[in-house]
Each structure stands twice: as structure tokens, then as C-alpha cells.
Amino acid sequence: MSHVAEVEFLVLHGLAVKKAGTATAVADVLGEDPGRVMAVLQASIESGRAVEARGMFMATPAGRKWLVEEYGAAFGPFRAEPEATQAYERFERINRDLLRLFTEWQMMPAGNETVPNDHSDADYDDRIVDRLGALHERAQRPLEQFAELVPRLGQYWSRLETAYDKVLGGEHDFVSGAKVDSYHSVWFELHEDLLRMLGREREEQA
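What comes next concerns the included structure. What you see is a predicted model, and the numbers here were worked out from it, not measured in a lab. (Residues numbered from 1 in each chain as written. Predicted model: local features only at pLDDT ≥ 70, side-chain atom pairs only at ≥ 80, totals over all residues. Heavy atoms only, no water.)

A word on the overall build of the protein chain. The number of helices and strands found in the protein chain is nine helices and four strands. Going from N to C terminus, the protein chain has its helices and strands arranged as α-α-α-β-β-α-α-β-β-α-α-α-α. Taking 206 residues into account, the globule formula puts the C-alpha radius of gyration at 17 Å, and the protein chain, at 18 Å, falls close to it. In terms of principal-axis extent, the alpha carbons of the protein chain reach across some 60 × 40 × 30 Å. Taking all 206 residues of the protein chain together, the buried fraction comes to 43%. Pairs at least 24 residues apart make up 62% of the contacts formed inside the protein chain by residues separated by at least 6 positions. Accessible area for the protein chain stands at about 10,700 Å²; split by element, carbon and sulfur atoms hold 52% of it. One finds the centroid of the 23 positive side-chain charges in the protein chain at a distance of 5 Å from the centroid of its 36 negative side-chain charges. (Helix = DSSP H or I, 4+ residues; strand = E, 2+ residues; numbered from the N terminus. Rg over C-alpha atoms; globule rule 2.2 N^0.38 Å. Buried < 20%, exposed > 50% of the residue type's maximum accessible area, 1.4 Å probe, protein only. Contact = heavy atoms within 4.5 Å. Areas by Shrake-Rupley, 256 points an atom, 1.4 Å probe, with all protein chains shown as cover. Lys, Arg positive; Asp, Glu negative; His and termini not counted. Charge placed at Lys NZ, Arg CZ, Asp CG, Glu CD.)

Below is the structure:
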């Protein structure tokens, strides 16, 4: 793959991780300059691998097909690393606990029922935030391992740290809010990135 193709591949990979997003959002996933990402996305439109509407980009079927065809070669060395497999196994154990935590953050028990959490019970929310802190600590080592193998993955830890700090500061939308760069949103993107790099499926979909 030529250097130009490698750059386009990485940007389209970031776009696939986002599903759809602005050039800035894709740049955040990759830790790249938004202007550079915008230029590559514009070139991808010309090549038929991306489309744009009102500033939002998506990979086309041709673009997604190209990614799938190239993943094996592009990420072969990463997939062959025993440390990547070990780190991912640790990541998945944390992921299961985080999925339960996010569900319990959004829904809470009320008698024999489960109802939407209106966040009026501060003690309930505080217990979940404490659990998030413990899981955040557990996540540090596998994320460091990933970053040692692929440096760009290190930006996910920075984003998770930012989201967690905001949660501790009382901005509870940063636990799982969809309109901010919440812990849940960043974790989901990291998981999608790793699944594509490793050629795996989500456990909950497998």
C-alpha cells in the first residue's frame, strides 16, 4: 500500500469507528490534525469511498469493503502480537463490568421493577461513580499495553481520563451521555477500534 493509500486507510478506519462524524470527530479518534483529516476525507469522496452531507461524513459501501479487504495486511503485525491478545482479554473482562455499570447508571431498581434513573438518589449515583473509578484504574494497564504497540491508541486513555475527571467534578453527563465525549462514548469507540484491528466481533453480538 502506498503512503497516500495508508493515510486514506487510517482516516477511513477512524470514520468507520465513528460510524459517521465530522472531520474533527474523526481526527479526535485518530489523534490527528483536523485539517489534514478533512483533506483526506475530501479525497475519499472523489475516490468513491466516502460521502458527506452537512459536514458529516460516512464511508460508502465501497469504502467499507476496501477497509475489510485491507485490515488483515494493515493490522497483521498487531494481531500477531501475544501482548495484544493478552491486553484484549483483560480489556474484555473490564468491558463486561462496564456494560453492567452503564446499564445500572441509566436504570435503577424500584421495588420489583427497574425504572429510568432520574439521578435524584445521590447515594446510588455515588456508588456507581466509585465503581467507575475502580474500573478506570483496572483499564489503565491494558490501555498502556495497546499504546505501546500502536501509539495512536494512547489518545483513548487521555480522553477517558478527561471524561472521568469531569464525572468526578460533578458533570455526570460524562458517564454515558450521548451528546458529549462521555466515558461510555470513548470506551465504545475504543472497543470498535480494537475489534476492527483484531478482526473480532463484539461479545454481545457473537
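With that settled, the discussion passes to the packing of aromatic side chains. Overall, the coordinates contain nine aromatic pairs when judged by the stated rule. Arranged with centres 4.5 Å apart and planes meeting at 10°, the rings of Phe 91 and Trp 187 form a pair that is stacked. Here Phe 91 is found in helix 5 (residues 82–106), whereas its partner Trp 187 is found in helix 9 (residues 183–198), with 96 residues between them in sequence. Residue classification places Phe 91 among the buried residues on the basis of a relative accessible area of 0%. Pairing Tyr 183 with Trp 187 gives two aromatic rings, centres 6.4 Å apart and planes at 15°, and the pair type is stacked. Of the two residues, Tyr 183 and Trp 187 both sit in helix 9, four residues apart, roughly one turn of that helix. Across this residue pair, the class does not change: Tyr 183 and Trp 187 are buried. Grouped by ring-pair contacts, the aromatic residues Phe 78, Tyr 88, Phe 91, Phe 146, Tyr 183 and Trp 187 constitute a single cluster. (Phe/Tyr/Trp six-rings, centres within 6.5 Å; stacked < 30°, edge-to-face > 60°.)

Ranked by internal contacts, the top residues of the largest apolar core, which has 59 residues, are Phe 78 and Tyr 183. Ranked by the residues each element gives to this core, the list is headed by helix 5, at nine residues. With near-sequence residues (within four places) excluded, Tyr 183 lies in contact with Leu 98, Phe 102, Leu 132, His 136, Leu 160, Ala 163, Tyr 164, Phe 174 and Val 175. (Core = buried A, V, L, I, M, F, W, Y, C linked by side-chain atoms within 4.5 Å.)

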